[in-house]
Amino acid sequence: MDGKKTVTIYVEGKPHQVEEGKNLLDACLSLGYDIPYFCWHPAMHSVGACRQCAVKQFRDEKDTRGRIVMSCMTPAADGTRISINDPEAVKFRASVIEWLMTNHPHDCPVCDEGGECHLQDMTVMTGHSYRRFRSRKRTHRNQYLGPFVNHEMNRCIACYRCVRFYNDYAGGRDFGVFGAHNYVYFGRYKDGVLENEFSGNLVEVCPTGVFTDKTLKRHYTRKWDLQTAPSICVHCGLGCNTIPGERYGTLRRIRNRYNGEINGYFICDRGRYGYEFINNENRFRFPVRLERHGDGEKTGTFGSGEVIPHIKSILQRARGVIGIGSPRASLEANFALRRLVGKERFYQGTSAGEARIMADIVNILGNGPARTPSLRETESCDAVFVLGEDLTNTAPRMALALRQSVMQQPARLAAGMKIPRWDDKGFREAVQNNKGPLYIAHPHGTKLDDAAAAVFRGAPEDIARLGFAVANLLDDNAPGPVKDLPGEASSLAEEIARALENAEKPLVISGASLKTPALIHAAANIAFALVKKGKPACLSYAAPECNSMGLSLMGGAPMEDALKTVQAGEADTVIILENDILAGQMAPDQAEALLSARNVILIDHLPGRTSSMAGIILPASTFAEGSGTFINSEGRAQRFYKVFDPSGDIQESWRWLRDIMVDMAYPGASGWLTLDDIVSSLSAEIPGLRAVANAAPPEGFRMAGMKIPRQPHRYSGRTSMNAALNVHEPKPAEDHDSPLTFSMEGYAGQPPSPLIPRFWAPAWNSAQAVNKFQPEVNGPLRGGDPGVRLFEPKENALMDYFGKEIPQAFTPEKERLFAVPVYHIFGSEPLSSLSPAIAGRIPAPYIALRPEDAEKMRVPEGHVIELPPFGSLSVRIDGSLPEGLAGIPYGLPGLKDMELPAWINSPAAAKKGGQ
Amino acid sequence: MLSVLKAIWAVLLHMFRPRVTVQYPEERPHIPPRWRGRIILSRDPDGEERCVACYLCAVACPVDCIALQATEDGHGRRYPEFFRINFSRCIFCGFCEEACPTYAIQLTTDFEMGEYVRQNLVYEKEHLLISGTGKYPGYNFYRVAGLSVKGKDKGQAENEEPPVDLKSLLPGRMESEQ
C-alpha cells in the first residue's frame, strides 16, 4: 500500500484497515473473507456484470436496513460498513446463482473442469444445492478452436471474462461475443484456430468448463489425481512459473503457477502446451551405445553398472576431454560438467555470436546503472522502446506485459476523471483507443505493432543506428551523432527520445534473437543516458533459452573454440550436455567436424541430429523428472522440482556426471549426494552465483516437522494403480533433493512460495484459490514471490557508453539478399516443437520476400523454391520487409539451418511449380 | 468336582437348544438386496457402458483401491480406458456407489470372492462389467447431459431447446425454426 491512504472499513461490524478507493470485493478477499464472484478477475478488474458479489452496505452504525451493492463496483471509503452474511444479501446471491445455473447442463461428471471449477465452488459457497428449474435449457453448437482449446458452449454462464481477457487484455481479434440475453455466444465468427498466443489462458480464466485444455482431454485426469510440483517453463528465457501435473508416469498438463513478479496469472501457449515432448516414446530410458563399423551401425544398451566403468576407461585413455554445456540444462548440470572437464575445457554450448551477446548482457546488467525489471515492473513502465526483438515470438509473456504497459499513460487520463483502475469498463471508456508510447524497431512486422505508437523497419544495423541516435539525443556524451541517418529515422529518433525522456519510468528492450551485438549496445546506451538524466530507467534483454543467463554467468568459451581444440589434437573426447549442436547453434559442417572426435558422449533426453553421431548416450531427465536451478532473462535464479520419478535409468545430468567423477575418484565428488550439496558447491565457487543457494529452502526444510506433499489430499488409486503388475504396493519414491515428497502425506497448509505445488484452499478448488495464497489480491505470494534476483544496480554505478564504432548503414545489394531470422512462437523452440499440439501450429519452411523482390524473381505467393542450404522453401510475400532483406524462419524442425542473419544469394526461381 | 458337573450340565442343556450354525455352503444364507458385496460396472438401457470415467468413485474410495483412466470414443462419449479395483484392499463400504453420478458402479449381493493368490483379487474392467443395468433400470446419463454423443445431438437431450441459431437477427431463434 505504498503511499496510498488507508481507511477503516467495517465488515460485519469488525474494523479493518484497507487502501482507500480499492473495491470492496478485492479488499474483502484480501482480508480473508469469502465473497462469491464470476466476472471479476484480479488482473482484469471489475465490470459488475454477474451480480454475484452482492453485499449489504449500511450508511452508518444506526442504519439497520442498508442496501444491496455490488462489492466489486463499490470503493472502500473511510467508515464504509458492509455485511456479507446479511440474510437479504445471502438470499440475493443465492437467487443470482440459481438464474445463472438455469441453463447450465448436467455435465459435471464428463466435464474437464469438474473438481477445479469456479462455478462449482461458488454454487457450494452460496448454498444453491437443489435445482428448481424444470423448463428446457438453451443449447449451443460448439466450435473447433484449434489444437489447444476445447469448446463446450452449453456450459456458459455469460460472465464475459473470456472476451475481456482475449480481446481487452491479450489484444486478440478473432474472438468475440454474439447474440443477446440468454443466447449470448462466445466464440469465433466461424470454426478455426484461435490465433492469439495466449488462448490457453481461457482455460483458467473461464470460471466453468466452456474452455478446457484439449491436450489434457486426450489423457484426462482430475486435479485431485495429479502429482504436481513447482516448476519453471523451459521454452523461453523469461522463466514463467508453472505447475506440471503427472499421472501414471506421464505428464498430463501444465498450469500457470502464480508468481507476482513474473507471469502473474497468465502464461503463453508455448509454455502451456509444449510439455508433451516429455511423453515422447523415443525418449532415451537406458544408456545407449552406438558403434560404427565401416558399413553400418550397431546399437546396444548397457547393463546396470556397466556404463560408468566404460566411460571411465574411455576418459582415462583419452588424449584430452572437453565438455560442451547447454543453455537449456540446469545450472547444476553445467557446473558438474565444468567440474568434470575442468574450467578451461568447458565450452558454452552456444555459438560465438550468442556467447558474446550473452556475456555483454551479463556485464551490462551486472555492472551497469540500469535496472533489469521483472515482468510486473515491465507492466508499470510508461514508455517502451523495443530494439530488434519480436517479443510475441521470442519472449511471449513479455509482449503481454507490454500490452498492459501501453495503458500506463492513458491511465492518467482516467485518473484525472477520478475513474479508478479497477472500474474496467469505465477505464476503457475513458481511455478509448489511446495508447502510451511503445516504439518497435524490427526488420519485419510483428504482432505487437498494433499496440505501438510507431514502428521502424530496417536491417539490424539500421535499428542499432536508430538506437545510437536516440541515446545521443538524450545525452551528448553518448557516441554519435549517427551520420547519414535518413530524415524519417532521425525524426523518429527524436520522437522516441522525447517520449522516453518525458516518461516516469522508461524501459528499453532488446535481445539476442537477431544476433547483433550493436543492438545490445545501443539499448544499453539509451538506458544509461536515461539514468544519467535521473530517470529510473529499466533495461530488459530477452535471453534465447531458459538458462542462457546462468550459462553465461558460469562462463566458458564458445563452441567454435571447442572445435579448434579438437582439430588441434588437444582433445579427442567430447562430452555434450543436453544440447543438439547439429540443430542450429553452429554451422553444420563445423558441428559435424566436432562430432567426428574419437569419442562423443551425449547426455540428453531425446534423439536429435546430434544423438545419431554420439558413441554413448546417457538418458537425462527433463525439467519434470529432475530438480535444478535456472536463471531467467531478468537474472532471477529459480528452482524447479522433480514432478515424478521417471522410469528406466533416467536421472539428472549432474548425477550422471557425478557418478563418472566418483568412479574416477575426483576429490569432493562423492560428497555430491543431493542437490543442496552441488548448489552450495557451485555458489561457493562462482562469485556471480552466490545467491543461487537462497533461491529456495534446502532439503532439510520442514513445516511442522513434515515435508510438503506432491500429491493432493484427495489423490486416488494409490493401492490400485500398480496392482495390475503386482498387488503388493511398491515403496514410494524418495526425494533427497527437496522438502517435497512423492506422497499425499505431509504438511497440509501453505508452504513457502518457492515450494507451492498447487493452488488449492478449502472451498476454493479452482485456480482462483490463488487469492488465498496472497496477503493482498494480485500482490506477491505470502512471504514474497519465489526466486532471487542476481542483478541489482549498485548505487552510483557507472558504465562507459558502448559504440566506439557505430555500425555502418545497411546497403541493399542487387544479387544478394540479407536474410534475417524470423521467430515463431510455435516452431522456433525445439522441445515444444515435439509436442503434438504445438507441432500442428508450426508453419512450413518458407522464405519471406518483399513484393518487389518476389515480382522481380517472378515467384508468386506459395511458390516452392530450392535454396541451399535451407532446402525447399515456399514463398511468403511480406510487405513489411525493408529493401534488401528477406526473412527465413528460425529453427523450424526439418529446416536445415545456417546461422542467421547472413547474406544469401538471391533465390533463383526454381521451376518446381507452386501450389 | 462340582465345576466339572456344572460344565457337563451346561453341555447337556445346550443339546436341546435350536442350532444357530448355518451349514454353508450347503445351506445358503439370506442376503438382503442392498447387501454391499462384489462391485460391478453396469450398462445403460441401450447396452452402452454406463461409466463415464468421472473419477468420483476413485476419489471417494477411502482405501484408494479404484484406479481408472478416462478416454473418449470418436463422438465425444467418455468411458474408462481401464478400470481396476483391487479387492484385496476393498472394504466394501459402498462409498463408490454413493458417489457414482451415473449408477454405473454398484455393489451386489455376491460375497464369495475368496482366492488363494492375492493377485487374483485385482479385477479389471472385463471382470467388472456386466451386461445389464443392475439395481437401477432406466437411467441413462447421456440422455440428461448436455454433451452430444453418437445418436444424440445438441438439443436432443431431455429438457433441452434446439441449438440457438447464431446468425439469425431475431433474438433466441433456434435452428429448428429455420
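If you're wondering where the values come from, they're calculated on a predicted model, not measured in any experiment.

1. Observations concerning the environment of Thr-350 of chain A
Residues and elements named next belong to chain A.
Working step 1: Note on placement: Thr-350 falls in the loop between strand 18 (346–347) and helix 10 (352–367).
Working step 2: Owing to a relative accessible area of 3%, Thr-350 belongs among the buried residues under this scheme.
Working step 3: Linking Thr-350 and His-219, residues 131 residues apart in sequence, is a C-alpha distance of 36 Å.

2. Concerning the pairing of strand 23 (residues 538–542) of chain A
All names here are of chain A.
Working step 1: Burial analysis of strand 23 places five of its five residues in the buried class, which makes it a mostly covered element.
Working step 2: Of the two faces of strand 23, the one holding Cys-538, Ser-540 and Ala-542 and the one holding Leu-539 and Tyr-541 are both buried throughout.
Working step 3: Pairing analysis gives five bridges linking strand 22 (residues 506–511) to strand 23, with the strands arranged parallel. Each residue of the ladder has a partner; that of Gly-511, found in strand 23, is Ala-542.
Working step 4: Handedness of the crossover is the feature at issue here: the chain leaves strand 22, passes through helix 18 (residues 517–532), returns alongside strand 23, and the resulting connection is right-handed.

3. Focus on unusual backbone geometry
Excluding glycine, most residues fall at negative phi; most peptide bonds, likewise, are trans.
Residue and element names in this part refer to chain A.
Working step 1: A cis amide bond links Gly-480 to the next residue, Pro-481, at an omega of 0°.
Working step 2: Among the structural elements, Pro-481 can be located in the loop between helix 16 (460–474) and helix 17 (487–502).
Working step 3: Residues Pro-868 and Pro-869 are joined by a peptide bond in cis, for which omega reads 0°.
Working step 4: Note that Pro-869 resides in the loop between strand 34 (864–867) and strand 35 (871–877).
Working step 5: For Ala-158, which is not glycine, the phi dihedral falls at a positive 55°.

4. Things to note about the state of the cysteines
Disulfide: a covalent bond connecting the sulfur atoms of a pair of cysteines.
Working step 1: Counted under the stated rule, the structure contains zero disulfides over all chains.
Working step 2: Free of any disulfide, Cys-111 of chain A has its nearest neighbouring cysteine sulfur in Cys-117 of chain A, separated by 6.2 Å.
Working step 3: Here Cys-111 of chain A falls in the buried class, since its relative accessible area comes to 6%.
Working step 4: A disulfide-free cysteine, Cys-54 of chain B has its sulfur positioned 6.2 Å from the sulfur of Cys-100 of chain B, the nearest such atom.
Working step 5: A relative accessible area of 8% means that Cys-54 of chain B is categorised as buried.

5. Notes on a nonpolar patch on the surface
All names here are of chain B.
Working step 1: Together, Trp-9, Val-11, Leu-12, Leu-13, Met-15 and Phe-16 make up an exposed nonpolar region whose accessible area comes to about 700 Å².
Working step 2: Its place among the elements puts Phe-16 in the loop between helix 1 (2–14) and strand 1 (39–41).
Working step 3: Given a relative accessible area of 69%, Phe-16 falls into the exposed group.

6. Things to note about the sheet that holds strand 1 (residues 6–11) of chain A
All names here are of chain A.
Working step 1: Judged by pairing direction, the sheet is mixed, and its five strands sit side by side in the order 2-1-5-3-4 without closing on themselves. The outermost strands of the open sheet, each flanked by one partner alone, are strand 2 (14–19) and strand 4 (67–70). Between one strand and the next, the sheet's axes are offset by a mean angle of 40°, whatever the strand orientation.
Working step 2: Inspection of the sheet shows strand 3 (residues 54–58) paired to strand 4 by four bridges, in the antiparallel sense. Among the inter-strand pairings, Ala-54 is bridged to a residue of strand 4, identified as Met-70.
Working step 3: Packing of helix 2 (residues 87–101) onto the sheet brings it into contact with strand 3, strand 4 and strand 5 (81–83), and relative to strand 3 it is tilted by some 155°.

7. Topic: the pattern of salt bridges
Working step 1: Within this structure, the stated rule accounts for 68 salt bridges over all chains.
Working step 2: A salt bridge links Arg-283 of chain A to Glu-625 of chain A; the nearest nitrogen and oxygen atoms lie 2.7 Å apart. Highlighted residues: Arg-283 of chain A in the loop between helix 7 (269–273) and strand 15 (288–293) and Glu-625 of chain A in the loop between strand 26 (616–619) and strand 27 (628–631), separated in sequence by 342 residues. Accessibility classification places Arg-283 of chain A together with Glu-625 of chain A in one group, the buried group.
Working step 3: For Arg-718 of chain A, the salt bridge is made with Asp-64 of chain B, and the minimal N-O distance between the two is 3.4 Å.

8. Some words on the domain arrangement of chain A
All names here are of chain A.
Working step 1: Under the domain assignment used here, chain A contains domain 1 (6–101), domain 2 (355–543) and domain 3 (816–905).
Working step 2: Here the C-alpha centre of domain 2 lies 40 Å away from the C-alpha centre of domain 1.
Working step 3: Here domain 1 packs against domain 2, burying approximately 570 Å² in sum over the two surfaces, 61% of which is carbon and sulfur.
Working step 4: Inspection of the region where domain 1 meets domain 2 yields zero salt bridges.

Cut-offs and rules
- Residues numbered from 1 in each chain as written.
- Chains lettered and ligands numbered in written order.
- Predicted model: local features only at pLDDT ≥ 70, side-chain atom pairs only at ≥ 80, totals over all residues.
- Heavy atoms only, no water.
- Helix = DSSP H or I, 4+ residues; strand = E, 2+ residues; numbered from the N terminus.
- Buried < 20%, exposed > 50% of the residue type's maximum accessible area, 1.4 Å probe, protein only.
- Pairing = 2+ DSSP bridges.
- Right-handed = clockwise from strand over helix to strand, strands pointing away.
- Disulfide = S-S within 2.5 Å.
- Patch = residues over 30% accessible without salt bridge, like charges linked within 9 Å, V, L, I, M, F, W, Y side chains within 5 Å.
- Areas by Shrake-Rupley, 256 points an atom, 1.4 Å probe, with all protein chains shown as cover.
- Salt bridge = Lys/Arg side-chain N within 4 Å of Asp/Glu carboxyl O.
- Axes fitted to C-alpha atoms, helices over the stretch in contact; angles between N-to-C directions.
- Contact = heavy atoms within 4.5 Å.
- Domains from an automatic or database assignment.
- Buried area = accessible area lost by both parts, 1.4 Å probe.

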